[in-house]
Amino acid sequence: MTKYKIAILAGDGIGPEIMKEGVKVLKVIEERNDVEFEMIEAPFGAGAWFSEGSSFPEATKRLVDEADAVVKGPIGLNHEESKKIPVDQQPERGALLPMRKRLNTYANFRPVYLPKSLGHFSPLKPEVIGDGIDMIMVRELVGGLYFGEKETGINESGKRYVREVLEYDEDQIKNILHQGFKLAQNRKKVLHNIHKSNVLKSSVLWNEVLDDVATEYPDVEVVHTLVDAAATALCLNPGQFDVMVMENMFGDILSDQGGGILGSLGLMPSACLGENGKAYYEPSHGSAPDIAGKNIANPYSMIGSMAMMLEYSFGMVEEARNVWDAMQSVFAAGYSTADLSKPGSGVNMISTDVFGDKVVEHLRANA
Ligand code: IPM
Ligand code: MG
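Residues numbered from 1 in each chain as written. Chains lettered and ligands numbered in written order. Predicted model: local features only at pLDDT ≥ 70, side-chain atom pairs only at ≥ 80, totals over all residues. Heavy atoms only, no water.

Trainee: Which residues make up the overall build of the chain, and what are the values?
Mentor: Counting secondary structure elements, the chain contains 13 helices and 14 strands. The globule rule puts the C-alpha radius of gyration for 367 residues at 21 Å, and the 20 Å found for the chain is close to it. Expressed along its principal axes, the backbone C-alpha trace of the chain runs to roughly 65 × 50 × 45 Å. Evaluated residue by residue, the chain yields a buried proportion of 53% over its 367 residues. Considering only intrachain contacts with a sequence separation of at least 6, the fraction spanning at least 24 residues in the chain is 75%. If you sum the accessible surface of the chain, you get close to 16,200 Å²; carbon and sulfur atoms cover 51% of it. Taking the 36 positively charged and 52 negatively charged side chains of the chain as two groups, their mean positions are separated by 4 Å. (Helix = DSSP H or I, 4+ residues; strand = E, 2+ residues; numbered from the N terminus. Rg over C-alpha atoms; globule rule 2.2 N^0.38 Å. Buried < 20%, exposed > 50% of the residue type's maximum accessible area, 1.4 Å probe, protein only. Contact = heavy atoms within 4.5 Å. Areas by Shrake-Rupley, 256 points an atom, 1.4 Å probe, with all protein chains shown as cover. Lys, Arg positive; Asp, Glu negative; His and termini not counted. Charge placed at Lys NZ, Arg CZ, Asp CG, Glu CD.)

Trainee: Give me the lowdown on the site of ligand 1, citing residues and values where you can.
Mentor: Surveying the vicinity of ligand 1 reveals the residues Glu 92, Leu 96, Arg 100, Arg 110, Arg 139, Tyr 146, Asp 252, Glu 282 and Ser 284. In the model, an oxygen atom of ligand 1 is placed 2.7 Å from a nitrogen or oxygen of the Arg 110 side chain. A distance of 2.8 Å separates an oxygen atom of ligand 1 from a polar side-chain atom of Arg 139. Look at ligand 1: alone it shows 320 Å² of surface, and the protein chains cover 79% of it. Examining the composition of the shell around ligand 1, we find that 3 residues originate from one element, helix H5 (residues 91-103), more than from any other. The residue makeup of the shell around ligand 1, split by class, is 2 nonpolar, 1 polar and 6 charged. When residues are assigned to domains, the shell around ligand 1 turns out to be shared by domain 1 (1-105 + 274-367) and domain 2 (113-266), each giving three or more. (Near = heavy atom within 4 Å. Polar contact = N/O pair within 3.5 Å; in protein donor to acceptor, adjacent residues only side chain to side chain. Nonpolar A, V, L, I, M, F, W, Y, C, P; charged D, E, K, R; others polar. Domains from an automatic or database assignment.)

Trainee: Please give an account of the sheet that holds strand S12 (residues 279-281) that cites residues and values.
Mentor: To summarise the sheet geometry, strands pair through backbone hydrogen bonds and adopt either a parallel or an antiparallel arrangement. In space, the 10 strands of this open sheet follow the order S2-S1-S3-S12-S11-S4-S5-S10-S8-S9, with mixed pairing throughout. Strands with a single pairing partner mark the edges of an open sheet, and in this sheet they are strand S2 (35-41) and strand S9 (221-226). Within this sheet the neighbouring strands show an average axis-to-axis angle of 25°, counted without direction. Bridge count for strand S3 (residues 69-72) against S12 is 2 bridges, and the pairing is parallel. Bridging from a neighbouring strand, Val 71 pairs with Tyr 281 of S12. Here H5 sits on the sheet in contact with strand S1 (2-9), S3, strand S4 (107-115), strand S5 (132-140) and S12, set at roughly 145° to S12. Sheet strands in contact with helix H9 (residues 227-236) are S5, strand S8 (190-195), S9 and strand S10 (243-246), and its direction is about 100° off that of S9. (Pairing = 2+ DSSP bridges. Axes fitted to C-alpha atoms, helices over the stretch in contact; angles between N-to-C directions.)

Trainee: Please provide a residue-by-residue account of helix H11 (residues 300-312), values included.
Mentor: Taking 1.5 Å of rise per residue, the 13 residues of H11 would be expected to cover 18 Å, and the 18 Å separating its terminal C-alpha atoms lies within 8% of that figure. H11 sits mainly inside the fold: 11 of its 13 residues count as buried. If you check which residues of H11 are buried, you get Tyr 300, Ser 301, Met 302, Ile 303, Gly 304, Ser 305, Met 306, Ala 307, Met 308, Met 309 and Leu 310. (Expected span 1.5 Å × (residues − 1).)

Trainee: For the pairing of S4, give the residues involved together with the corresponding values.
Mentor: For S4, the buried fraction is high: 8 of the 9 residues fall into the buried class. Sheet topology places S4 next to S5; 9 bridges connect them, and they run antiparallel. When the sheet's bridge partners are listed, Ala 107 is paired in S5 with Glu 140.

Trainee: Residues and numbers for the packing of aromatic side chains, please.
Mentor: A complete count under the given rule lists 12 aromatic pairs for this structure. Centroid distance Phe 121 to Phe 331: 5.2 Å. Interplanar angle 80°. Geometry classified as edge-to-face. Of this pair, Phe 121 sits in the loop between S4 and helix H6 (126-129) while Phe 331 is found in helix H12 (residues 317-332), placing the two residues 210 residues apart along the sequence. Taking the relative accessible area as the measure of exposure, Phe 121 reaches 7% and is therefore buried. With relative accessibility at 4%, the residue Phe 331 sits in the buried group. By way of ring pairs, the aromatic residues Phe 121, Tyr 300, Trp 324, Phe 331 and Phe 355 are connected into one cluster. We note Lys 61 situated over the ring of Phe 56; from NZ or CZ to the ring centre the distance is 5.4 Å. (Phe/Tyr/Trp six-rings, centres within 6.5 Å; stacked < 30°, edge-to-face > 60°. Lys NZ or Arg CZ within 6 Å of the ring centre and 35° of its normal.)

Trainee: Please give an account of the packing of helix H3 (residues 58-66) against H5 that cites residues and values.
Mentor: Taken N-terminus to C-terminus, the directions of H3 and H5 make an angle of 35°; their axes are 11 Å apart at the nearest point. Handedness of the crossing formed by H3 with H5: right-handed. For the pair H3 and H5, the contacting residues are Lys 61, Val 64 and Asp 65 in the first and Met 99, Arg 102 and Leu 103 in the second. Its residues assigned to classes, the contact of H3 with H5 shows 3 nonpolar, no polar and 3 charged. (Left-handed = near helix turned anticlockwise from the far one by under 90°.)

Trainee: Provide a residue-level description of the pairing of S8, including the pertinent values.
Mentor: Each regular strand shows side chains that alternate between the opposite faces of the sheet. Most of S8 is tucked away, with 6 of its 6 residues classed as buried. Neither face of S8 is left uncovered, since the one carrying Val 190, His 192 and Ile 194 and the one carrying Leu 191, Asn 193 and His 195 both have all their residues buried. Following the chain from S8 across helix H8 (residues 201-214) to the adjacent parallel S9, one finds a crossover that is right-handed. Of the strand pairs in this sheet, S8 and S10 are connected by 3 bridges, and their pairing is parallel. Note on S10: the bridge partner recorded for Asn 193 is Val 245. (Right-handed = clockwise from strand over helix to strand, strands pointing away.)

This is how it looks when you write it as structure tokens:
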């Protein structure tokens, strides 16, 4: 029996309710495999700030350090509520970015996937979707503007100013590019390199490093695309993309657009991977405080993030596949949560917990 310790950080807003559905799924996996999941919940995010006085409490830090994997729900509050928390303790700056740095999860994999049969979820026309949408965005996660030096003050002309630095060294770039190339090698052997080298020096260095790294992957074709052009191409011809690699900020923006072309950010799970097995798993979207507690959020992104954990952290590739298939079966049977079942869409709307129950049913049927 293999024992895994999983830190469960439910987070804010819809976090706890979608986490609950993910945990149901993990229990099924545990029942029928020779594994034991020790799931330990810990406070993290805005809620933790209000209850513990810290958005990333010391005990939670110790837990994520010793856990075999971490699953994390979305964090954050609406704009007004956020303002009640000191700027540096707001959960994005006070908890999420410190956790990324602490675990050094530099590689963020964000699958953007919609089979042709579910094309009606997407705002794109069937002829644009073609055979379906299937790509992975590989986002650098611990460098760039997010982590560069920041300074605010009054300049010589008496004006308020701000300075934020976009900094990468060649090793950071190399590491994420290797991840992109390896993934491309295992898929269609095409790597879309997303950059802005016509303006940013950081992209010029990025591309120089890419030329070096590319020599180790002669079987992978590199396609260079400027980030702004990539944004358009995602809407006009998403089928051209398979593996896309990019720096932190570009990845933040384009991955939300990825959710947009699928029809919902609720379809965006992610894996955040570091060295030596360090990893955490989270939906790519926010905590949607406006719909929290209503049992209408889509738990797909959370359950999908757990499927990624099964694959990447525990090597349970087949069970990960079964979880994906179970979720697709729920959709195929004509059900979805509110985000994807607009009136007239022909989709039967179900609640968060019923979605989870149906995933569990399909998963059990599929043992
Ligand atoms: C994401 C989120 C985070 C980010 C926020 C919550 C800080 O938008 O994971 O994409 O910007 O990285
Ligand atoms: Mg984002």
